Every structure is written in C-alpha cells, then in structure tokens.
Amino acid sequence: MSGIRAGRVALCALMVHAAGCRLAPEAPPPGLPSELRTERFHLRFEEGSLDAGARAALLAELERSLAAVEADFSDVTRPGSFGTGRAPALDGARLEPIQVRVVLSAGRCFTDARGIELVASHRERHHATHELIHYLFGPSWHPVDEGLACYLTERLCGPIKQAGADLRTVVALDLERFRSLIPERLDRQMSRVDYDAAASFVKYLIETFGWARFFDLYRGVKRNYHGAFGRSEQELFSAWRERLGRLDLRRTRAYYRFRARSTIGLQEAGAPPSQRRAEGEAVD
Ligand SMILES: [Zn+2]
C-alpha cells in the first residue's frame, strides 16, 4: 500500500464497491450551499450528494472522531503525510482545516495529502471516520494500515450491525473464507474478510503489546514484527487465531445472525436487492 491517491483507492476498493451497490439513502437536496466550513473541516458537496440532515450527521461524526483521536493520539499522528514527507504533529491550533469532498460517484472513497474524498452513499457506514484515520495517521503497509483504520472506526463509531471485527473473522474462519494476512497478497486486493481480519489482528496486537509498540510496527519496516514485538509473524498469527478461539464467540446470538447473513444473505428476510447484494458478500 502507499499513501498516494492511487494506492489508497486500491486499498479501500472493496468497501467502496459494496457501498456503491447500494441506493443513495438521501434524496438530492436542491438549493443547499456547496460548502460547509468549520474550524477543523472544510466540506465540499457535489450537487445532490447529501441533504441537510446527512451533512450535519457527517460533520458531527468527523468532529467527534477527530476530537477522540486528538485526545489519545496527538503525539503519533501525521496528518496528511501521504507522499509528501510532511509529518506535522496533530495540533488543532496550527493545522489548516481538513478538506473533505463528498461526491455522488459510485466509485471509491480515498485519502491523500489533499484530504478525504467520501462517496455520499458510504456515509452511514462511517467511511468518513475510516478515511479520517488514514489521513491523521498517515501511510503504512498491509495489513496494519487498514487494520488500524477499521479497528479505530469500530471503537469510535461502534460495530456495524452489532458484528465486530473479531466476530466477523471467526465467522470467516468457520466458513473457510479467510486466507491470510500476508502483505503481498493483500497488496493485490483486499476483500471484506481481509479488512475484518486486519482489524481483528491489529486489535490483538494493540491489546497484547500496547499502542507504543504497535506504532513502532506501523512506522517501521514492512513485516518487522520481530523488531516491534520480539516474535515472528507466524507466531503472532498463531497467537491471534488462538485468542479468537478463546473469545468463545460461537455461542452468541450475534455469531449465528452474522453467519446466516454471510451465507444466505438477506434475500429470505425480504431485504431490498441493493442491500441483499452487500450483505450476501458479508460486507458491513
Ligand atoms: Zn482504508
């Protein structure tokens, strides 16, 4: 993965693809201003992209997520450092507002040094927070970059449809849909299962070794797990899988609900075709 625009597009491809299949939830709003400025954000809206209520909800989510990251991580963030070599500390008093473009495209959300581009129909999936985390922490490599973005988004916004990354990964393992978190494979393409597994693995690393050592890994040489944690990649993968087993998620109602969604989709539950397609692919 890289911090450049093209790289980010590729990384977030699946998330965008899934949401792009959905119908835009908000009706085109005539006559709204094309921009919204606050001290910390400068939002620009493609005509017809979000109505007033959705704009307010988007801004509230961005402000809330930014404040949470600033409160806990101001010493390790590198806002907008994609491909520029620029690595300023996160300091609200000195930073320019973060640029956010909201578009109607059925394409992909992405982040680069210029800011965030959010596909309007992805707003309710908290992709704005996901991209904000990419923007604030700067680039790294797979799976730790997407794992951090997914894990923190889940912490800040809650699990989508009551199925967290650990549970989703256990379901994927049981359905034999999980393959590996080897960077070279993920560099080619990441599936929804890969995003979930990356988030679960990053969660394990952080909860086991702490944030400081995780960021040693995040800022360090690709796959240098031994340098950050004193353990090999395979040892860590095995320990993560063992931890997932100990969580005993298979006895929960949420497990069976998500497993059913993953296998049969919502067709039998009468969901509309656009939603059914996304759920059938186990996309959040
Ligand atoms: Zn991403």
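By convention here, each chain's residues receive numbers from 1 onward along its written sequence. Where local features are concerned, this predicted model is filtered to residues with pLDDT of at least 70; where side-chain atom pairs are given and counted, the filter is 80 or more; whole-chain, interface and lining totals use all residues.

Draft legend 1. View of the overall build of the protein chain. Helix and strand counts for the protein chain stand at 13 helices and five strands. Here exposure depends only on C-beta density: within 10 Å of a residue's C-beta, 20 or more other C-beta atoms make it buried, 12 or fewer make it exposed, and intermediate numbers make it partly exposed, the C-beta atoms being placed from the backbone. Relative to its full complement of 284 residues, the protein chain shows a buried share of 41%. The way it works is that DSSP assigns letters per residue, a run of H or I at least four long becomes a helix, a run of E at least two long becomes a strand, and they are numbered from the N terminus.

Draft legend 2. Broad picture of the sheet that holds strand β2 (residues 41-45). Spatially, five strands are ordered β1-β2-β3-β5-β4 in an open sheet, and the strand pairing comes out mixed. If you trace the sheet from one side to the other, it starts and ends with β1 (35-37) and β4 (110-112), each paired once. Mean inter-strand twist for the sheet, computed between neighbouring axes without regard to direction, equals 15°. Following DSSP output, two strands are said to pair if at least two bridges run between them. Bridge count between β2 and strand β3 (residues 98-103): five bridges; the pairing is parallel. Directly across from Phe 45, in β3, lies its bridge partner Val 102. By definition, residue pairs are in contact when their C-beta atoms, positioned from the backbone, come within 7 Å. Interaxial angle, 0 to 180 degrees, is taken between N-to-C directions of lines fitted to C-alpha atoms, where a helix line uses only the stretch in contact. Helix-sheet contacts for helix α3 (residues 52-73) involve β1, β2 and β3, and the interaxial angle to β2 is about 150°.

Draft legend 3. Broad picture of the nonpolar core. Note on terminology: a nonpolar core is any set of buried Ala, Val, Leu, Ile, Met, Phe, Trp, Tyr and Cys residues joined through C-beta atoms within 7 Å. In terms of nonpolar packing, the biggest core is built from 59 residues, with Val 100, Leu 132, Leu 148, Ala 198, Phe 201 and Val 202 touching the most fellow members. It is helix α8 (residues 192-209) that provides the largest number of residues to this core, a total of nine residues. In terms of domain composition, this core takes at least three residues from each of domain 1 (1-139) and domain 2 (140-284). If we ignore the near neighbours within four places in the chain, the residues touching Ala 198 are Pro 143, Glu 146, Gly 147, Cys 150 and Leu 181. Domain start and end points were adopted from an automatic or database domain assignment.

Draft legend 4. Representation of the environment of Val 193. Within the secondary structure layout, Val 193 lies in helix α8. Overall, Val 193 belongs to the buried group, with 22 C-beta atoms counted inside 10 Å. Sequence-wise, Val 193 and Arg 177 are 16 residues apart; in three dimensions their C-alpha atoms are separated by 7.2 Å.

Draft legend 5. Layout of the confidence of the model for the protein chain. Known as pLDDT, the predictor's per-residue confidence is scaled from 0 to 100. Averaged over every residue, the pLDDT of the protein chain is 83; the share at 70 or more is 78%. Within the model, the stretch residues 1-26 combines pLDDT values under 50 with 70 contacts to residues more than four positions away or in other chains. Throughout residues 266-284 the model reports pLDDT below 50, and contacts reaching past four residues in sequence, or to other chains, amount to 32 contacts.

Draft legend 6. Main features of the packing of helix α4 (residues 127-137) against helix α5 (residues 144-157). Packing of α4 against α5 leaves a shortest axis separation of 9 Å and a crossing angle of 125°. With respect to α5, the axis of α4 lies oblique. The handedness of the crossing between α4 and α5 is right-handed. Across the interface between the two elements, Thr 129, His 130, Ile 133, His 134 and Phe 137 from α4 touch Leu 148, Ala 149, Cys 150, Leu 152, Thr 153, Leu 156 and Cys 157 from α5. Residues of the contact of α4 with α5, tallied by class, amount to eight nonpolar, four polar and no charged. Working rule for angles: under 35 degrees goes down as roughly parallel, over 145 as roughly antiparallel, 65 to 115 as roughly perpendicular, anything else as oblique. Crossings are assigned a handedness: left-handed for a near helix turned anticlockwise from the far helix by less than a right angle, right-handed for a clockwise turn. Under the scheme applied, nonpolar residues are Ala, Val, Leu, Ile, Met, Phe, Trp, Tyr, Cys and Pro; charged residues are Asp, Glu, Lys and Arg; polar residues are all the others, including Gly.

Draft legend 7. Structural context of the packing of α3 against α4. Contact geometry of α3 with α4 gives a least axis separation of 10 Å together with a crossing angle of 40°. In terms of orientation, α3 and α4 fall into the oblique class. Read as a crossing pair, α3 and α4 show a hand that is right-handed. Packed against α3, whose contacting residues are Leu 58, Glu 61, Leu 62, Ser 65, Leu 66 and Val 69, the element α4 presents Ala 128, Thr 129, Leu 132 and Leu 136 at the interface. Broken down by class, the residue content of the contact of α3 with α4 amounts to seven nonpolar, two polar and one charged.

Draft legend 8. Structural view of α3. The end-to-end C-alpha distance of α3, which contains 22 residues, comes to 31 Å, matching closely the 32 Å that a straight helix rising 1.5 Å per residue would cover. Where the residues of α3 are buried, they touch β1, β2, β3, α4 and α5. Here the expected span of a helix is defined as 1.5 Å times the quantity of residues minus one.

Draft legend 9. Local environment of the pairing of strand β5 (residues 115-119). Of all five residues in β5, five are buried; the element is thus mostly enclosed. Sheet topology note: the β3/β5 ladder contains four bridges and is parallel. Bridge pairing in β5 links Arg 101 to Glu 117. Between β4 and β5, which pair antiparallel one after the other, the connecting turn spans two residues.

Draft legend 10. Geometry of α4. Of all eleven residues in α4, eleven are buried, a share of seventy percent or more. Once α4 finishes, Gly 138 follows within two positions and takes phi at roughly 80°, a positive value.

Draft legend 11. Broad picture of unusual backbone geometry. For the bond running from His 142 to Pro 143, omega is 5°, close enough to zero to count as cis. Tracing the sequence through the fold places Pro 143 in the loop between α4 and α5. A positive phi angle is found at Asp 248, which is not glycine, with a value near 60°. Structurally, the position occupied by Asp 248 is in the loop between α11 (233-246) and α12 (253-264). Residue Asp 248 is classed as exposed on the basis of its 10 C-beta neighbours within 10 Å.

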